[in-house]
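# An overview of the molecular structure
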Amino acid sequence: MSRAKSGRPTTGTRAERHLTRRLFQLYVGLALYGASSALLVRSGLGLEPWNVLHQGIAERTGMSIGVVSIFVGAAVLLLWIPLRQRPGLGTVSNVFVVGLAMDGTLALVPDAHALGIRVPLLVAGIVLNGVATGLYIAARFGPGPRDGLMTGLNERTGRSIRQMRTLVEVAVVVTGFVLGGTVGVGTVLYALCIGPLAQFFLRFFAVPASTTGRVVASGEPSEQAILQR
């Protein structure tokens, strides 16, 4: 029976809807994250820290930035093993969906040369990145590989997440810049805005906890890893 005598949905139906919403948020959020990163690439005004590295490696290897993102994400995920971090569905999905969505969007959005187009692309990319972050983190299927790296280092070293994120992302940006990645006003603007944006959208898209018990394949994301930038 899918319904009780009262005509109300059963507990199983509510759990299914709850899981469906979470999965929808996860994959829409990851796809939008990749799309937002592509808009930042097309703006040419500066990328978020990890994509500075991805773009630098792409310039040196000839691979697309999305494919590089997938390889780097997989490599970072391997670092979870000595850090004793446990990935969730969202963690593994993040590795592939973001990179594919980035390359797909880059194939659709042409290069922009006029500043009157590049600035709106930059702003749209940063805001959309905040929306995407709120969506996929609020789905509670586990943090992305890079965020899990920060929390793992925090647990192993005893240093704050903010400090570990700063150290790692400075190293990532410098390495990416040396390799040819784009660092600019957009990189600084992203660093200043993404924390407040992600916090706002994380609360906006928050999924109520299931009252039917633990849902399979779920992970516990670290909101601090996203917000403490």
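Residues numbered from 1 in each chain as written. Predicted model: local features only at pLDDT ≥ 70, side-chain atom pairs only at ≥ 80, totals over all residues. Heavy atoms only, no water.

Where nonpolar side chains cluster on the molecular surface, the patch consists of Val-170, Val-174, Phe-177, Val-178 and Val-183 and spans about 460 Å² of accessible area. Topologically, Val-170 is positioned in helix H8 (residues 161-179). Judged by relative accessible area, Val-170 falls into the partly exposed class, the value being 47%. (Patch = residues over 30% accessible without salt bridge, like charges linked within 9 Å, V, L, I, M, F, W, Y side chains within 5 Å. Areas by Shrake-Rupley, 256 points an atom, 1.4 Å probe, with all protein chains shown as cover. Salt bridge = Lys/Arg side-chain N within 4 Å of Asp/Glu carboxyl O. Helix = DSSP H or I, 4+ residues; strand = E, 2+ residues; numbered from the N terminus. Buried < 20%, exposed > 50% of the residue type's maximum accessible area, 1.4 Å probe, protein only.)

On to the pattern of salt bridges. Under the definition given, this model contains three salt bridges. With a closest N to O distance of 2.6 Å, Asp-147 and Arg-165 form a salt bridge. In this pair, Asp-147 is assigned in helix H7 (residues 145-157) and Arg-165 in helix H8, connecting sequence segments 18 residues apart. The residue Glu-169 makes a salt bridge to Arg-165 at a minimum N-O spacing of 2.8 Å. Taken together, the positions of Glu-169 and Arg-165, both in helix H8 and four residues apart, correspond to about one turn of that helix. Across the pair, Arg-165 and Glu-169 agree in class, each one buried.

Next up on the list: the confidence of the model for the chain. Per-residue pLDDT for the chain has a mean of 87; in total, 86% of the residues score no lower than 70. Confidence over residues 211-222 falls short of pLDDT 50; this stretch has 25 contacts with residues more than four positions distant or in other chains. (pLDDT = per-residue confidence, 0-100. Contact = heavy atoms within 4.5 Å.)

Taking 1.5 Å of rise per residue, 13 residues should cover 18 Å, and helix H2 (residues 49-61) covers 19 Å from first to last C-alpha, within 8% of that figure. Turning to H2, its buried residues are Pro-49, Trp-50, Asn-51, Val-52, Leu-53, His-54, Gln-55, Gly-56 and Ala-58. Positive phi shows up at Gly-62, right after H2, with a value of about 85°. (Expected span 1.5 Å × (residues − 1).)

A separate point is the packing of aromatic side chains. Tallying each qualifying case throughout the model produces five aromatic pairs. Taking the centre distance of 6.1 Å and the plane angle of 80° together, the rings of Tyr-33 and Tyr-136 count as edge-to-face. One end of the pair, Tyr-33, is in helix H1 (residues 11-43); the other, Tyr-136, is in helix H6 (residues 115-138), and 103 residues separate them in sequence. Residue classification places Tyr-136 among the buried positions, given a relative accessible area of 3%. Centre to centre, the rings of Phe-201 and Phe-205 are 6.1 Å apart; their planes meet at 20°, and the pair counts as stacked. It is Arg-22 that lies over the ring of Phe-141; its NZ or CZ is 4.1 Å from the centre. Note that Arg-146 overlies the ring of Trp-50, its terminal NZ or CZ placed 5.4 Å from the centroid. (Phe/Tyr/Trp six-rings, centres within 6.5 Å; stacked < 30°, edge-to-face > 60°. Lys NZ or Arg CZ within 6 Å of the ring centre and 35° of its normal.)

With that settled, consider the side chain of Arg-42. The residue Arg-42 is located in helix H1 in this model. If we skip the residues at most four places from it in the chain, Arg-42 touches Leu-106, Val-109, Pro-110, Asp-111, Ala-112 and Leu-121.

Before going further, it helps to examine the environment of Phe-71. Along the chain, Phe-71 falls in helix H3 (residues 65-78). For Phe-71, a relative accessible area of 53% corresponds to the exposed category. In the structure, Phe-71 is positioned 24 residues away from Val-95 in sequence and 8.0 Å away in space, judged by C-alpha atoms.

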